[in-house]
Each structure stands twice: as C-alpha cells, then as structure tokens.
Amino acid sequence: MTTTETPDMLRRILDYSSRADPYPLYAELRRTPVARQEDGSYVVSTYRELTDLLHDPHLSSDVRNLSRPMPQGQGDATPAFINMDPPEHDRLRRMAMRHFGPPHTPGLVTGVEPALTSAVGSLIDDFAGKEQIDIVDDFAYPFPVSVICHLLGVPREDEPRFRVWVNDLINSIDYDPKTDPKEKLEKGVQARKDLRQYLGGLLEQRHDRPGDDLLSRMANDDGPDGRMADDDIVSTANLLLIAGHETTVNLITNGMLTLLRHPDVLQRLRDEPGLVVPLVEELLRYEPPVHIIPWRAAYSDITVADTVIPKGSQIMLMLASGSRDQNRFHDPDRFDPDRRDNQHLGFGSGIHLCFGGPLARREAQIALGELVRRLDRPRLVADPPPYRRSPVLRGPIHLHVEQAAG
Amino acid sequence: MTSADNLQAFKRDGRIVIVGASLAGLRAAEALRGEGFTGSLTMIGDELGEPYDRPPLSKQVLTGWVSAGDTTLPRRRDVNAEWLLGVPATGLDLATNIVRLADGREIPFDRVLISTGVRARPWFVESEAALDGVFVVRTREHAEGLQRALAAGPSRVLVIGAGFTGSEIASICRERDIPLTVAELAPAPLVGALGAMIGEVAADMQRAHGVDLRCGVKVTQLEGDAQGHFRRAHFDDGSTIDADVAVVALGGIRNTEWLRGSGLAAGVWGIACDTGCRALTLNGLITDDIFVAGDVARCPNPIYEYRLISLEHWANAVEQAEVAAHNMVSGQADRWPHLSIPLFWSIQFGVNIKSVGVPTFADEVAVTQGSVSDHRFVAAYGYRGRVTAAVSFNNAKWLDHYRNLIETAAPFPPPCPTPDQPADMKPVPVDFPGPTLLAQGATVVVTGHDPGERRVTAAQYHR
C-alpha cells in the first residue's frame, strides 16, 4: 500500500523551521511515494512517480479541473500558459517561444551573454572595499532582474515599483488561512492587478513600434498561430517577469552557499572554469530553486504506484524530493559536480518544462563562475543563512559573505 | 570463457573485431573500452573515413545547412582501435574464428561484433540507376551529390517511395521551392510504417505543401537523354512526368551477403540474435562469440511476443551496441538483455514526427490527444486490447507516458479522458499493406531425420 495519511510530515516540511534543511523530511516522505492528505489532496515525492505524472496527459494545470476550489481567488485575470492545459497551453507557449529561443530565435540566449557578463562584472566591481557582501541583495537579486527587464523591455528604473508587487504576489501564493492575515491575500490580489495594469501600459506603447524586446515582438509579430491577444501578452510577460525574478535569485544564492559549504569544489571551479556547466546541473538537482509544484489537478482517475488518485483531486509534486531519490540517484545527498546521467527535476519535465531554463543556466553559470574567480577567500558569515518564507521557491533571504580585505 | 579468470584474461588481452564501422560499431567500440576491455580492437568498414551520422543526410545536409563532411560522429572516448577502412569483409569462418576481407587479408578474433547495417536499395534496372541525376541517399557521398543537384535548381524532382526517407527528401525539395512529384506504391505516404490513418495525414501534409503526390502507382522506367541524363519517368498507368532528378527511396538491403556460408541465421531479414545480441546459427542455436547490433540485427522482443524484429532506428543502434559490448566482456550471469522500447523520429513539412513502440504490431489505432487536422496529435496503437505503440505529430513531449503504457501492457484504447482529447477517439483498423508486399519466399530448407542429423541450410537468396 503506497497511500497513507501523513499530514504531519507535509506540515513539518511546510513549517518555516524546516526551511534550512528539508531534505531529511523529504527522505521520510518518500517512504510513501503517493501520500493522501486529510483534505483529499495527494503528495507525490519519488522520482519515478513524479516523472510519470509530469508526462501524464491526465494531469491538469487548470484550476477549473479541481473538485475543490483553490484557497485564493485568481481574480478575473487571464491565466498564463503555466496554468493551462493543451491545446491552449501549447499555442501560447509556442507563440511566446518564437521570440525566446530556437528554432525561430536561436541566438537569443547566446546573444545576451556579453550583457550577462558585463552585468555580473559591474556588480562584482561594486564589492570592492567591502568586507561583507550580501550575495542576495548585492548580486543574486539585481542581476537576473536586470536581465529579464532588458529582455522583456521593462524600464530598469521601474524596478522598485514592481519589486513591491512581485513580493506581495509571491507572499500571497504561500497564503495559509490558518496562520496568515487575510490582508496578505488581498495585497496579493491587488499586486496582481497593479502589475498587469503596469505591463498593459508598457504594451500599449509597443504596438506598431517593433523593437528588439520581447514585449515589442509579441505585440507586433504575426506567426503561424496569428497575433497574440493583449491579455495573453500581459499574462506571459507577467509570468516571465516573476519567473525571471524569483527563481534565478535562488539558483545563484543556493549555488554560492553550496560552494562555500564545499570548499574543495569551490577551489576546483577556480582551477577549471569549464566545471561550471555540470556543476550548475548538479545544483539544479541538489539545491533547486523550485522545490514544489504546489498543485496540479487529476483530470481523470490517475493510477500512480498502484494508488488511484480520483478525478478532481489536488496533487502536490515534491520536485526537490524526487531529485534526491536514492532509487534514482546514487548517493543522492552528496553534491557531486561530476555526476553522470543527471536527469534532475530542477526545471520540471514534460510540456511545462521550464521555459526560461536555457537562460537560467547561462545566468547561473556566468554568475557563479565570476563570483568564484573574483571573490578573495570568501567566508560564510552564518550557516545556515536566514531563509525566505516560501517552501515552494526556496532560498536564503540573505547570504552574508566576508572576503579578504583589499 | 567460463571462469572469471578466463574472462579477466580476455578483457586484458583478448581480440575483438567489429565488422561495420558506423554508428553501432563506433558506439560498441567506445562501450567496450568503457567496460575496461584493454585487448586489441579492430574496426572493419567498407567506407573510407571516420564513422558519421546518417539522420542529417536526408535533412540538414540536403538543405545545404550542414555539409556532408560535418556529420562525423562525436567520439565519447578514445577507442584505441586499429581501423581497416575502405575494405569490405567478405566472409566469416566460425570454425577458425577469422574474418576475411576483400583484399585477401584474414583477421583473427576471439569475439566479433557484426554491425554491417543496411545499404540503399538501388533502382531495379542497373542502366537506369546509372543515369546522371538518379540518386539514392544512404551515404555521405550520396547526400553530397543530391545536395549539389538540388542546389543547381532542377526543373522537377521525382521521389520514388514515400517512406520516411522519401518524405523527408520531398519536404526539403518543397522547402527549397523545387517542383516535386512523389510516387508511392501504397495508398499514402508512411503507410508501411504507420498505417493507413496516419498515412492520410501525411498525404494531406504533402499536398498542402504543393507536392504532386501520386499514390497507388509504380514507376516502371527511368528514361535518359542522349547525354545519359535522367529526363522522364514512366508510370504503370501509362502516364509520364518530366524531371531531371530522381531520388530512389525504396528502403534498404541488409548487408548480410558476406555471411553466406558462415552458418549464421543471416539473410534478407537480417541476422537473428537473442536479446543479449548473440547471433543465432542457421539451426537456431545461440553462438558464444558472435554478436550483432544495429540495423542488421534481428532481435526478439518480449514485449512483442518475442518476435524477431529488426529496426533501422538511430536509438536502437546505440542501445543495442551498448548491450552487445557489455555482453561481449561479461560472464553469463552478468549479461544484459536488450529490452528497450523502439523509438523513432522524423522531421518533414515542418512537423516533428516521433514514435515509440512498434506501430506495425497493431490491429487498431486511435487518436488520443490533440487534433489531426492541425497536425498536432498523439495516436495510440493497440493489439488485441493493449497499447503497443504511439506516434506523435508535433506533440512529442507526451511519448514517455505512452512508453509507460506499452511497458505496463495498459489497455487499449486508453480509457480515461485527457484535457486535449478529440471528441471522437474511436479506434479504427490500422490497415497495413498486406504481407504480399513484404513476402520474400523461403529462406531455409530443413534436411535430415535423426535429431542428431536434422539441419537447416540456406535456401537461395531472393532479391
């Protein structure tokens, strides 16, 4: 029997006190690959079952297929393709992908590489003379934000405005009616509205003025699927802005933290810069920025590991647990940049496989490579560092590092 | 090699010969070194030059995007082998463990891997096949020649045969805006591989892209001009077309003739082996030291009732080579079976086509996801109520799910609805061309009376 009710285990994982190291709890959770919760939802934590589900056409990303309504209202906003099923998902993702990667825009990621390197370089230049640096505030946050603003065509000077919205929005995703004030949820709803309005305004300016940024391209391009509707462009831009914000920060910060905890690997990376490529893959497995897909819906009855998940059930996918599954990865709790066959779940899998994965990889590779090359004998100030609230998008809120003076 | 000591000695000092230096041969060589084989390794190939990749030859090379010379297969490790290239093998002696080469050399071995693959089936009239402008596409040189002919701007191209290779070439001609006629004996393109329903989709795609598609017809004659250049083709319905390039895409012939008289179960259908890639003799006995991999191998698949199946798939060549290499240097208890589910892809007319399983092992097919008219769908194949294969058009990310269904013998048609399911997913008969198209006649005859005397001998080869 794979299904048991283990609500305590999930509650312990979601509890903030577990944020610094949820991995032992994941290991316990994996003893029950498909765990039914008291509220009728299902938690899936093992690699095999997660990959099966991520490729299962009966798994829906559309909230309307949940038999129980979602706790927070999404408002009347048009959802982004991340929350849609085929064929609409496929159509919108395809239309957005035309401007973001191969085959139509094969040079996008390689094209921004010089800009990435120079952005990283100038942030590190600013470390000069400081004995203590916050890897998050001084580096890992501003870097991807400048990149996604540049790509989307969002003015960098507006960053303080949408930073507030994105923060409120992210906070509302973790909303727990038992502990959180309702105000938190309302703030999120308002932030969502404000952000959409802001992006809609930018889009207005782009119509019939084709530029190089994604907003302009989406606004003015007629591909085989026709022209994107404004609502869809706003949803897509919204998604890319938030995803470009929140995940890469954690990938870079988790990466630096992991390197500081593994000085031998840090030294190796200094000596062989090419190591950064498999190292970032291993990071995506070992300390991924996205730990959980908090909900998917069973469109039909789904059988996973002999457990029937009834139609309409909410399913929680514990991706970070799957990437540490000892039945899939040898010695999974070891950070090993030489690991082979590293088919981690860091970017998910299947049709919702992370859209920005190739960009995130390059950002992390360049950021970590340069940090390691230029920081002088960096030392972690506090281990573990303080963490952000979210168990879903998990990472340190600050990562203070000392470097040798001069 | 019965004892562990013998095996260790063989891995250290043994002699392995690989006949066939293409994808399967190269990957096997790499895998042998990866398994710790340090003995002598000899690679025999009839083509000059390093092993190269074939899928681009009917795709990127013909568009001119990639030059034929840039298709060399990447090396995963140094194989430290002796390469005997440009000389075909002409015989295999199981009694003395020797491979004979066309130049008279004899190469001794302790274990041999046969990966001699498939060559293009030529046009059936030699003088017509020799006309300037008549091509097949299997080797680098073929692709290079055809690419040049397409770049010269022919007035019309005739593609004979609308299987995967023919359809891919047709797609590239249209991409280059070259007027094109495709002639296919079956009622639609891809029918032999994917059945009548998918064939209809493929026919729509071709016609929508301006292909003059003629199905149910046979090309009877290729006519040349006084300079020996192809100019006109005649059909069995009495019609003709004028064209200056003809591409013969009628499938392949397995390179097994050199094994005639070897005593191996080798013939037009390939070389029979067990799931461990050990060759069978004509009598159906497993050999100890003769292994087979790639297009030329004909391997039983337990998922498909242990039928012997030969596949001309890239992934099959790689996986079989790795299993064969492992088994060549492993003891009986450590051998691996080759049990992977076949996987195949093609790109044509802007559509990514991918399949898992064996679609020909089916009696029904049903569209389970997407929309056929949009050329974005998944179709599942079933045999007597279980899923045996699936094919996707521009929807490949779902195929892992269908591989799961195949591996778990899931019921067909899949019972549960999905978000993107067409209104009508009723299974229809899969409708492959009758076996008469494929019948080859007898390949062996049995003689003898006593159990100790009963033997099989090869019947004469059929074309």
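One numbering rule holds for all chains: residues counted from 1, following each sequence as written. In the order they appear in the text, chains get letters beginning with A and ligands get numbers beginning with 1. Per-residue local features are limited, in this predicted model, to residues with pLDDT of at least 70; the limit for side-chain atom pairs, both in listing and counting, is 80 or more; totals at the level of whole chains, interfaces and linings are taken over all residues. Hydrogens and water are ignored here; the side-chain numbers use all heavy atoms of the structure.

Peer 1: I'd like to hear about the environment of S235 of chain A, residue by residue, with values.
Peer 2: Residue and element names in this part refer to chain A. Helical segments are the DSSP runs of H or I of at least four residues, strand segments are the runs of E of at least two, and each set is numbered from the N terminus. Mapping S235 onto the fold places it in helix α11 (residues 230–261). The buried label goes to any residue with under 20% of its type's maximum accessible area, the exposed label to any with over 50%, and the partly exposed label to all in between, with areas taken from a 1.4 Å probe on protein chains only. What makes S235 buried here is its relative accessible area of 3%. Counting along the chain gives 36 residues from S235 to L199, while the straight-line C-alpha distance between them is 8.9 Å. Pairs of N or O atoms are called polar contacts if they sit within 3.5 Å, as long as, within protein, a hydrogen donor faces a hydrogen acceptor (for residues adjacent in sequence, only side-chain-to-side-chain pairs). Polar contacts involving the side chain of S235 include one to the side chain of R196, which spans 3.1 Å.

Peer 1: Summarise the packing of aromatic side chains; cite the residues concerned and give the values.
Peer 2: Given two aromatic rings, their pairing is described by the distance between the two centres and the angle made by the two planes. Two rings belonging to Phe, Tyr or Trp (six-membered ring only in the last case) form a pair when the distance between their centres is within 6.5 Å. Interplanar angles under 30 degrees mark stacking, angles over 60 mark edge-to-face geometry, and anything in between is tilted. Per the stated rule, a full pass over the model turns up 16 aromatic pairs over all chains. With 5.4 Å between their ring centres and 90 degrees between their planes, Y47 of chain A and F329 of chain A make a pair best called edge-to-face. Placement of the pair is Y47 of chain A in helix α3 (residues 47–54) and F329 of chain A in the loop between α14 (319–322) and α15 (357–374), with a sequence separation of 282 residues. Using a relative accessible area of 11% as the deciding quantity, one classes Y47 of chain A as buried. Each ring, one from F377 of chain B and one from F393 of chain B, has its centre 4.7 Å from the other, and the planes form 20 degrees; the classification is stacked. Highlighted residues: F377 of chain B in strand β27 (residues 376–383) and F393 of chain B in strand β28 (residues 386–393), separated in sequence by 16 residues. In terms of burial, F377 of chain B and F393 of chain B fall into one category: buried. Our definition puts a charge over a ring when NZ of Lys or CZ of Arg is within 6 Å of the ring centre and also within 35 degrees of the ring normal. Positioned over the ring face of Y141 of chain A is R163 of chain A, at 3.7 Å from the centre of the ring. When the ring centre of F329 of chain A is taken as origin, the NZ or CZ atom of R285 of chain A, which lies over that ring, is 5.3 Å away.

Peer 1: Could you give an account of the environment of D288 of chain B, naming the residues involved and the relevant values?
Peer 2: Checked against the element boundaries, D288 of chain B lands in strand β21 (residues 286–292). Considering only alpha carbons, one finds D288 of chain B and L222 of chain B, 66 residues apart in sequence, at a separation of 47 Å.

Peer 1: Mind laying out the domain arrangement of chain B, listing which residues take part and the relevant values?
Peer 2: Residue and element names in this part refer to chain B. Domain start and stop positions are those given by an automatic or database domain assignment. Each domain of chain B was delimited in the assignment, giving domain 1 (3–117 + 255–328), domain 2 (120–252) and domain 3 (350–429). In what follows, residue pairs with any heavy atoms lying within 4.5 Å of each other are defined as contacts. Residue-level contacts link five residues of domain 1 with eight residues of domain 3. The term buried area means the drop in 1.4 Å probe accessible area that two parts suffer when joined, counted for both and summed. Between domain 1 and domain 3, the buried area comes to about 610 Å², and carbon and sulfur atoms account for 65% of it. One speaks of a salt bridge when a side-chain nitrogen belonging to Lys or Arg is within 4 Å of a carboxyl oxygen belonging to Asp or Glu. On inspection of domain 1 and its partner domain 3, the count reaches zero salt bridges. One can count three residue pairs in polar contact (both at pLDDT 80 or more) joining domain 1 with domain 3. Gly is placed with the polar residues, together with every amino acid not listed as nonpolar (Ala, Val, Leu, Ile, Met, Phe, Trp, Tyr, Cys and Pro) or charged (Asp, Glu, Lys and Arg). Its residues assigned to classes, the side of domain 1 that touches domain 3 comprises three nonpolar, no polar and two charged.

Peer 1: Can you break down the UniProt feature "domain: Reductase C-terminal" (unreviewed entry) in chain B residue by residue, with the values?
Peer 2: UniProt feature "domain: Reductase C-terminal" (unreviewed entry): in the numbering of this structure it lies at residues 344–414 of chain B. Between the end C-alpha atoms of residues 344–414 of chain B there is a gap of 22 Å, over a span that is 13% helix and 51% strand. UniProt positions are given in the numbering used here, feature names are shortened, and annotations may be inferred rather than shown by experiment.

Peer 1: Summarise the side chain of S330 of chain B; cite the residues concerned and give the values.
Peer 2: All names here are of chain B. You can see S330 is positioned in the loop between α8 (314–328) and β24 (343–348). Among the polar contacts listed, one links the side chain of S330 to the backbone oxygen of H326, at a separation of 2.6 Å. Each residue touching S330, except ones within four places of it in the same chain, is listed here: L7 and R335.

Peer 1: Go over the sheet that holds strand β23 (residues 307–309) of chain B with me, naming the residues and quoting the values.
Peer 2: In any sheet, the strands associate via hydrogen bonds between backbone groups, in a parallel or an antiparallel arrangement. All names here are of chain B. Strands sit in the order β18-β19-β22-β23 across an open sheet of four strands; the sheet is mixed. Looking along the sheet, the strands with just one partner apiece sit at the ends: β18 (266–267) and β23. Here strand β22 (residues 297–301) pairs with β23 via three bridges, running antiparallel. Paired with N301 across the two strands is R307, which belongs to β23. For two strands to be treated as a pair, DSSP must find at least two bridges joining them.

Peer 1: Help me get a handle on unusual backbone geometry, residues and values and all.
Peer 2: For the bond from P86 of chain A to P87 of chain A, the omega torsion is 5 degrees, close enough to zero to count as cis. Relative to the helices and strands, P87 of chain A is located in the loop between β3 (59–60) and α4 (88–97). In the segment running from F412 of chain B into P413 of chain B, the intervening peptide bond is cis, with an omega of -5 degrees. Assignment of secondary structure puts P413 of chain B in the loop between α9 (399–407) and β29 (428–429). Unusually for a residue other than glycine, D341 of chain A sits at a positive phi of about 50 degrees. Here D341 of chain A is to be found in the loop between α14 and α15.

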